[in-house]
Amino acid sequence: MSAENARRNVRILTWIGLATGVLGGLLIAFPKVIGPGSPWVQLALGVATLVLAFRARKIGIAEIEGFDGRLSLAAALLGFLVLFFAGQAAYSLLAAATN
């Protein structure tokens, strides 16, 4: 893969990862928008954010000379936060359903 193609791929993956992370964060802040399925959508968005961010980092490290992956690292951290809070909400829903 050429360096320009790799830069384009990293840019696209990083920005889509950030967008899914922000969307997951908004659903954490406003969980009543979707309803009872909100934690599951948040979990899916968190996983998507992590996959996209780490894929961008992998391509950037392997293909781009002097890669600065701070933005993709921020996306990965955002994905971890979304997974953490969504996991708590999903666990509380599962615990409430068993009682």
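Summarised in this report is the structure supplied together with it. (Residues numbered from 1 in each chain as written. Predicted model: local features only at pLDDT ≥ 70, side-chain atom pairs only at ≥ 80, totals over all residues. Heavy atoms only, no water.)

## Points about the overall build of the chain
Working step 1: Of regular secondary structure, the chain possesses three helices and zero strands.
Working step 2: Secondary structure elements of the chain occur, N-terminal to C-terminal, as α-α-α.
Working step 3: When the backbone C-alpha atoms are referred to their principal axes, the chain occupies close to 55 × 20 × 20 Å.
Working step 4: Accessible surface for the chain amounts to roughly 6,100 Å². Of this, 71% is attributable to carbon and sulfur atoms.
Working step 5: Side chains of the chain give 8 positive and 4 negative charges; the mean places of these two sets differ by 11 Å. (Helix = DSSP H or I, 4+ residues; strand = E, 2+ residues; numbered from the N terminus. Areas by Shrake-Rupley, 256 points an atom, 1.4 Å probe, with all protein chains shown as cover. Lys, Arg positive; Asp, Glu negative; His and termini not counted. Charge placed at Lys NZ, Arg CZ, Asp CG, Glu CD.)

## Considering the packing of helix H1 (residues 3-29) against helix H3 (residues 70-98)
Working step 1: Their axes nearest at 9 Å, the elements H1 and H3 cross at an angle of 30°. Accordingly, the angle class assigned to the pair H1 and H3 is roughly parallel. Relative to H3, H1 is oriented so that their crossing is left-handed. Facing Thr-14, Trp-15, Gly-17, Leu-18, Gly-21, Val-22, Gly-24, Gly-25 and Ile-28 of H1, the residues of H3 in contact are Leu-71, Ser-72, Ala-74, Ala-75, Leu-78, Leu-81, Val-82, Phe-85 and Ala-86.
Working step 2: Residues of the contact of H1 with H3, tallied by class, amount to 12 nonpolar, six polar and no charged. (Axes fitted to C-alpha atoms, helices over the stretch in contact; angles between N-to-C directions. Parallel < 35°, antiparallel > 145°, perpendicular 65-115°, else oblique. Left-handed = near helix turned anticlockwise from the far one by under 90°. Contact = heavy atoms within 4.5 Å. Nonpolar A, V, L, I, M, F, W, Y, C, P; charged D, E, K, R; others polar.)

## Let's talk about H1
Working step 1: Its 27 residues give H1 an end-to-end C-alpha distance of 39 Å, which sits within 8% of 39 Å, the value for a rise of 1.5 Å per residue.
Working step 2: Every buried residue of H1 is accounted for by Ala-6, Asn-9, Val-10, Leu-13, Thr-14, Gly-17, Leu-18, Thr-20, Gly-21, Gly-24 and Leu-27. (Expected span 1.5 Å × (residues − 1). Buried < 20%, exposed > 50% of the residue type's maximum accessible area, 1.4 Å probe, protein only.)

## What to know about H3
Working step 1: Between its terminal C-alpha atoms H3 stretches 42 Å, which fits the 42 Å expected from 29 residues at 1.5 Å a residue.
Working step 2: All of the buried residues in H3 are Ser-72, Ala-75, Ala-76, Gly-79, Val-82, Ala-86 and Ala-90.
Working step 3: In this structure, the buried side of H3 is in contact with H1 and helix H2 (38-63).

## Describing the pattern of salt bridges
Working step 1: In total, this model carries one salt bridge according to the counting rule given.
Working step 2: With a shortest N-O distance of 2.7 Å, Arg-70 and Asp-68 are connected by a salt bridge.
Working step 3: Residue class for Asp-68 comes out partly exposed when judged on its relative accessible area of 48%. (Salt bridge = Lys/Arg side-chain N within 4 Å of Asp/Glu carboxyl O.)

## Quick word on the environment of Leu-50
Working step 1: Topologically, Leu-50 is positioned in helix H2.
Working step 2: Spatially, the C-alpha atom of Leu-50 lies 18 Å from that of Ala-62, the residues being 12 residues apart in sequence.
Working step 3: Ignoring any residue separated from it by four or fewer positions in sequence, one finds Leu-50 in contact with Ala-76, Gly-79, Phe-80 and Leu-83.

Honestly, it's all geometry; don't read function into it.
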